[in-house]
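Close look at the chain arrangement
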Amino acid sequence: MALPHFDLPERDIPLQLIWPVAGNPVAMLSFETPQQWRAFVAEMALDPAIPDPTRLKFERALKLFLLGWLDADLMKGAELIALTALELALKDQYGRAVPPISARKVKPGSADPMMANSPRHSFKALLRHMVEKDGLTDDLIPMIVRCGGKATGQLIGEVHPTLDERRNAMAHGDPFDGMPTSGLVELVRDLITYAYRGHLADKALASGEPPSVHPACNKPFVSIRGVWKHSGVPKACRPLLLHALQAGSDDIGPFVIGWRHLKVCAPDNDLADIMRTSAN
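Being a predicted model, the structure only gives us computed values, none of them experimental.

**What about the packing of helix 1 (residues 34–42) against helix 2 (residues 52–66)?**
Across the interface, helix 1 lies against helix 2 with an axial gap of 10 Å and an inter-helix angle of 160 degrees. Considering their axes alone, helix 1 and helix 2 lie roughly antiparallel with respect to each other. Crossing handedness for the pair helix 1 and helix 2: right-handed. Between helix 1 and helix 2, the contacting residues are W37, R38, F40 and V41 on the first element and L62, F65 and L66 on the second. Looking at the contact of helix 1 with helix 2, its residues break down into 6 nonpolar, no polar and 1 charged.

**Points about the pairing of strand 1 (residues 15–21)**
Where strand 1 and strand 2 (residues 24–31) come together, 6 bridges link them in antiparallel fashion. From the neighbouring strand, Q16 faces strand 2, where its bridge partner is S30. Hairpin geometry of strand 1 and strand 2 is characterised by an intervening segment of 2 residues between the two adjacent antiparallel strands and by a positive phi of about 80 degrees at G23.

**So, the packing of helix 2 against helix 8 (residues 184–195)**
Packed helix pairs are characterised by how far apart their axes lie and by the angle those axes make with each other. Between helix 2 and helix 8, whose axes approach to 12 Å, the crossing angle comes to 165 degrees. Here helix 8 runs roughly antiparallel to helix 2, going by the angle between their axes. Crossing angle aside, the handedness with which helix 2 passes helix 8 is left-handed. In contact with T54, F58, L62 and F65 of helix 2, helix 8 contributes V185, V188, R189 and I192. Among the residues forming the contact of helix 2 with helix 8, the class breakdown is 6 nonpolar, 1 polar and 1 charged.

**Topic: the side chain of R189**
As for its position among the elements, R189 is in helix 8. Owing to a relative accessible area of 13%, R189 belongs among the buried residues under this scheme. Among the polar contacts made by the side chain of R189, one reaches the main-chain carbonyl oxygen of E43 at a distance of 3.0 Å. Contact partners of R189, with chain neighbours within four places excluded, come to E43, M44, A45, L46 and F58.

Rules used throughout
- Residues numbered from 1 in each chain as written.
- Predicted model: local features only at pLDDT ≥ 70, side-chain atom pairs only at ≥ 80, totals over all residues.
- Heavy atoms only, no water.
- Axes fitted to C-alpha atoms, helices over the stretch in contact; angles between N-to-C directions.
- Helix = DSSP H or I, 4+ residues; strand = E, 2+ residues; numbered from the N terminus.
- Parallel < 35°, antiparallel > 145°, perpendicular 65-115°, else oblique.
- Left-handed = near helix turned anticlockwise from the far one by under 90°.
- Contact = heavy atoms within 4.5 Å.
- Nonpolar A, V, L, I, M, F, W, Y, C, P; charged D, E, K, R; others polar.
- Pairing = 2+ DSSP bridges.
- Buried < 20%, exposed > 50% of the residue type's maximum accessible area, 1.4 Å probe, protein only.
- Polar contact = N/O pair within 3.5 Å; in protein donor to acceptor, adjacent residues only side chain to side chain.

Structural data, given as structure tokens:
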């Protein structure tokens, strides 16, 4: 992502921010120059293959975060927009699996049905689905792996405030919102990437060559020329392949991929010997 070239002035004092770094989830960072700050914000960009509606909304959050150089209050606005981008991503990916909020009853003869909106989903339910049904764990969140700490409790209600509680508080006027929340925007970036991991991997398969690391867990792909040709991976087998890559060790072993079968030899996980037959 190329951030807009706002003319950020020099500061009399460094911008200080509590933010996760390798081995320390609550480090105090100090930014001396606008260039340092711009580089820090740019590192939180989403993969350009993320669908535009979500990616562009998250980019809007990063623009506001960048302007936090001028006034730290703008970072709180960035957090709210980032959380709305996450909600959009989860509705896009899980909207068919998570039951919508019950619609209010409509009086017979009312014009309301003619103006019906799309189904509404609970942000809380979408976040819980991510952990309880889609397999998200802390060791699949790059920021948590790199910096330590835990995050999934904020999705399922084990830790408060949860992400949906944070969103609601900011949207509805929390008088105690205070300073920017350490790592929140980066965490949202990682959660959006996880939700779209299948989409990203499918894009990689279509291009004929995988990315250097898996988009969800940052583990290296095994690069075997020819194996990754899109035509050689049956569509029915791709979810299994993605799961193997996501769950495997750094060396997940050889793949044998054909039109009708996929065999994964992954010596360091429970997918040691899996065979699937694709649909005719």
